[in-house]
Amino acid sequence: MKLILFGPPGSGKGTQASLLSNKIKIPHLSTGDILRSKLNDNDKLAQELSKIMSSGNLVPDSILNPIVTEKLLGDDCKKGFILDGYPRNRSQSDFLIDFLERNKIILDLVIDFAADTNTVRDRIIERSKIENRSDDNLEVIKTRLEKYFAETQPLAALYRDKFEGKFFEIDAMQEISKIQSDIENRLKNA
Ligand code: AMP
């Protein structure tokens, strides 16, 4: 099962990806998690990433694209993957679509988590109390949401057209268990 998830920060896609990954035993590729794990390396890249991520801006494609393609070509992704947090802008999207075509990787489903700005902002503030992330403060949340609505959300329309019949918008304001069962039902027909 090969999936891409779209949705603003705080829309719950990470939670759903992790639930699904455990259930159907395919890797959850969260670019945010991958980048955060690199912050612990005491090197130049970690310093650069830390500066960008704590401002809420996007990490350059030149860093992201090789990370994602290396993961997608890994043996553990052969039978499936859940891509969460990538693509995030038009150039990543063009790169990914070309990469998938060249490597004959066929997506099964693209899920768009629809949630309103105020709700996701409140959820991220709540999450910040638990996770202590440097990018979960009000000013940075604002930038992250602006980036999402300006650069990432427009991609959904593109994927809706390109992956007709495989694109599925989910109401991310519902209970976690309801979203989970909606996704599982959709997967049965994918
Ligand atoms: P996330 O956990 O997905 O909200 O990502 C946290 C941060 O990692 C983002 O605010 C960006 O700085 C960076 N990041 C994650 N994914 C990407 C991506 N596809 N392109 C650029 N930056 C990213």
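## Focus: the site of the ligand
Thought 1: Around the ligand, 16 residues are found, and the nearest of them are Thr31, Arg36, Asn57, Gly85 and Gln92.
Thought 2: In the environment of the ligand, a nitrogen atom lies 2.8 Å from a nitrogen or oxygen atom belonging to the side chain of Thr31.
Thought 3: Between Arg36 and the ligand, the recorded distance is 3.0 Å, taken from a side-chain N or O atom to an oxygen atom.
Thought 4: According to the grid-proximity analysis, the pocket containing the ligand is the largest pocket.
Thought 5: With four residues, helix α2 (residues 31-38) is the largest single contributor of residues to the shell around the ligand.

## Considering the packing of aromatic side chains
Thought 1: In this structure the tally under the stated criterion is three aromatic pairs.
Thought 2: Considering the side-chain rings of Phe6 and Tyr159, the 5.0 Å spacing of their centres and the 70° angle between planes classify their relative orientation as edge-to-face. Of this pair, Phe6 sits in strand β1 (residues 2-6) while Tyr159 sits in helix α7 (residues 138-162); the two residues are 153 residues apart in sequence, bridging distant segments of the chain.
Thought 3: On the basis of relative accessibility, which here comes to 0%, the residue Tyr159 falls in the buried class.
Thought 4: Each member of the aromatic cluster is reached from another via a ring pair, and the members are Phe6, Tyr159 and Phe163.

## A few points about the packing of helix α6 (residues 117-131) against α7
Thought 1: The N-to-C vectors of α6 and α7 enclose an angle of 140°; their axes lie 11 Å apart at closest approach. Compared by their axis directions, α6 and α7 come out oblique. The interaxial crossing formed by α6 with α7 has right-handed handedness. Between α6, through Thr117, Val120, Arg121, Ile124, Ile125 and Arg127, and α7, the contact on the second element is made entirely by Leu138, Ile141, Arg144, Leu145 and Phe149.
Thought 2: Split by residue class, the contact of α6 with α7 holds seven nonpolar, one polar and three charged.

## Re the nonpolar core
Thought 1: Ile4, Val59, Phe81, Leu83, Leu96, Val110 and Tyr159 are the most contacted members of the largest nonpolar core, which totals 31 residues.
Thought 2: Within the residue set of this core, elements represented by two or more residues are β1, α2, α3 (44-53), α4 (61-72), β3 (81-84), α5 (90-102) and α7.
Thought 3: Sequence-distant contacts of Tyr159, that is, excluding residues within four places in its chain, are made with Ile4, Phe6, Pro87, Ser93, Leu96, Ile97, Val110, Glu164 and Phe167.
Thought 4: Within the second largest apolar cluster, 20 residues are counted, among which are Ile111, Phe113, Ala115 and Ile170.

Conventions and cut-offs
Throughout this document, residue positions are counted from 1 along each chain, in the order its sequence is written. For this predicted model, a pLDDT threshold of at least 70 governs which residues receive local features, and a threshold of 80 or more governs which side-chain atom pairs are given and counted, while totals over whole chains, interfaces and linings are taken from all residues. No hydrogens and no water enter the side-chain calculation; it runs on all heavy atoms of the structure. It suffices for a single heavy atom of a residue to lie within 4 Å of a molecule or strand for the residue to be listed as near it. Each polar contact in these results corresponds to two N or O atoms within 3.5 Å; when the atoms are within protein, one needs to be able to donate a hydrogen and the other to accept it, and residues that are neighboring in sequence are counted only if both atoms are side-chain atoms. Cavities and pockets are defined on a 1 Å grid built over the protein atoms alone: a cavity is a set of grid points where a 1.4 Å probe fits but cannot escape, while a pocket is an open set with protein on both sides within 12 Å along at least five of seven lines, and lining residues are those with an atom within 4 Å of any such point. The rule for placing a molecule in a cavity or pocket is simple: more than half of its atoms must lie within 2 Å of the grid points. Each helix is a run of DSSP H or I of at least 4 residues and each strand a run of E of at least 2, with the numbering of both proceeding from the N terminus. Put simply, two rings from Phe, Tyr or Trp (the six-membered ring, in Trp's case) pair if the centres are within 6.5 Å, and we call them stacked under 30 degrees between planes, edge-to-face over 60, tilted for the rest. The buried label goes to any residue with under 20% of its type's maximum accessible area, the exposed label to any with over 50%, and the partly exposed label to all in between, with areas taken from a 1.4 Å probe on protein chains only. What counts as an axis is a line fitted to C-alpha atoms, over the stretch in contact for a helix, and the angles between N-to-C directions run from 0 to 180 degrees. In these notes the angle categories are as follows: under 35 degrees is roughly parallel, over 145 is roughly antiparallel, 65 to 115 is roughly perpendicular, and the rest is oblique. Each crossing gets its hand from how the near helix is turned against the far one by less than a right angle, where anticlockwise is left-handed and clockwise is right-handed. The contact criterion used throughout is that any non-hydrogen atoms of two residues lie within 4.5 Å. Any residue outside Ala, Val, Leu, Ile, Met, Phe, Trp, Tyr, Cys, Pro, Asp, Glu, Lys and Arg is labelled polar, Gly included; the first ten of those are nonpolar and the last four are charged. Note on terminology: a nonpolar core comprises buried Ala, Val, Leu, Ile, Met, Phe, Trp, Tyr and Cys residues joined through side-chain atoms within 4.5 Å.

Everything listed here is a matter of coordinates, which is why it stays silent on function.
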